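# Examination of the molecular architecture
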Amino acid sequence: MNHQHPADFEPQPDFEAQGLGILDAWENRDISYETAREQLTALRKQAQQARHRANQARAEQFLAFMEHYRGNMNNSILHDERARALFSQLGNLRRIAICDLNVGEAYRYKGDFNRARTLFDRAYETLITLNDLHTSALAIGNRGQMLLSMGNLEAARADLLACGQLARQLEYDSPERTALLCELYHAMTQLFLAQGQFAEAASEAQKALKIAEQVGRPLERGYANRAMAEALSATPGPGSSGNGYISDSDMYYQSATEAFQEIQAEGEIARTMFAHAKSLARRGRQMTAARKLQHAMMIFMRLGMVDDAAKAAETQLDVL
């Protein structure tokens, strides 16, 4: 049997570098969304003309990533599905699974949990077989977070623990490992809070903060500060964390928001506002809470984050 891959099985390194360069320039706000989109579309056309399917598929993935970040979920799904079709022609299983994972994530944002779960399952099964630690950790971690938002705590816990086991096998200080772990510890904080285990929740938040302080990257800082804010907000009694951490949850919410703003992660900015609003409402600061809720809801609606928007609307009825 001939196991040789076609010449265009994987994107070419220089093509990959070009695409990532455009995304970096956009994320650092050196170029506008419109310019980045134009450049990526030109890159895709170049790949099409050269008949290099993996490059063409990769350009679709770059476009999907940008649309997802902007909250255009339907456009994001469209680009990822085009990428998946091209990678399927090449039989590139790992890339197909990554497309499934990304589309699943878009459906999770949209609140279509059944479709998201099917895609996460499919991606995870492939990636674990291919021994791709990072992406299989992402797949099972995303499924765990989805189960958590559905209130299915036991199943969520099993998935989150599995995610942790995979993530800890990654290279010690790699951004993949630290970002995954901070997001994971944030989810574990929420899980323990939902089960009324306040000390355990605080301990998970502290693990995230420790990593965030070491690496100093915005994504890690965002998740870690929000985890700590939520742990402090929910703890009954006077707000002291007792472990040398400041007991002011508002300060942590503020730090989380600023960190997510650095990378324009709008969905996470809105989720942070929503959590902060609930915390303010519990402390009797109804007016400020209502304002924050209104702002978060507008972002959720614009991003098509249906599940989050519905939860925020429900909370609004309690606050007003």
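Let me sum up the structure you'll find in this document. On a predicted model such as this, the values are computed, not experimentally measured, just so you know.

Bringing the side chain of His52 into the picture now. Position of His52 among the secondary structure elements: in the loop between α2 (33-49) and α3 (53-70). His52 has contacts with Ala7, Asp8, Glu10, Pro11, Gln12 and Ala47, leaving out every residue within four places of it along the chain.

Right, let's talk about helix α7 (residues 133-149) for a bit. Compared with an ideal rise of 1.5 Å per residue, which puts 17 residues at 24 Å, α7 spans 24 Å between its outermost C-alpha atoms and is within 8% of the ideal. Among the 17 residues in α7, 13 count as buried, and that is most of the element. Two or three places before His134, at the opening of α7, Asp132 has a side-chain oxygen 3.4 Å from that residue's backbone nitrogen. Downstream of α7 by one or two residues, Gly151 has phi in the positive range, about 85°.

In the structure shown here, the tally under the stated rule is four aromatic pairs. When the centroid spacing of 5.2 Å and the interplanar angle of 50° are considered together, the rings of Phe65 and Tyr69 count as tilted. Of this pair, Phe65 and Tyr69 both sit in helix α3, four residues apart, roughly one helical turn. Judged by relative accessible area, Phe65 falls into the partly exposed class, the value being 33%. Ring geometry for Tyr223 versus Phe260: centroids 5.4 Å apart, planes at 80°, classification edge-to-face. Note that Tyr223 is positioned in helix α11 (residues 218-234) and Phe260 in helix α12 (residues 249-262), a separation of 37 residues in sequence. Just as Tyr223 is buried, Phe260 falls in that class too.

As a further point, take the packing of α12 against helix α13 (residues 266-282). Taken N-terminus to C-terminus, the directions of α12 and α13 make an angle of 170°; their axes are 9 Å apart at the nearest point. The angle between α12 and α13 places the two elements in the roughly antiparallel class. Here the hand of the crossing between α12 and α13 comes out left-handed. Only Glu268, Ile269, Thr272, Ala275, His276, Ser279 and Leu280 of α13 make contact with α12, whose side of the interface consists of Ser249, Asp250, Tyr253, Ala256, Thr257, Phe260 and Gln261.

What counts and how
- Residues numbered from 1 in each chain as written.
- Predicted model: local features only at pLDDT ≥ 70, side-chain atom pairs only at ≥ 80, totals over all residues.
- Heavy atoms only, no water.
- Helix = DSSP H or I, 4+ residues; strand = E, 2+ residues; numbered from the N terminus.
- Contact = heavy atoms within 4.5 Å.
- Expected span 1.5 Å × (residues − 1).
- Buried < 20%, exposed > 50% of the residue type's maximum accessible area, 1.4 Å probe, protein only.
- Polar contact = N/O pair within 3.5 Å; in protein donor to acceptor, adjacent residues only side chain to side chain.
- Phe/Tyr/Trp six-rings, centres within 6.5 Å; stacked < 30°, edge-to-face > 60°.
- Axes fitted to C-alpha atoms, helices over the stretch in contact; angles between N-to-C directions.
- Parallel < 35°, antiparallel > 145°, perpendicular 65-115°, else oblique.
- Left-handed = near helix turned anticlockwise from the far one by under 90°.

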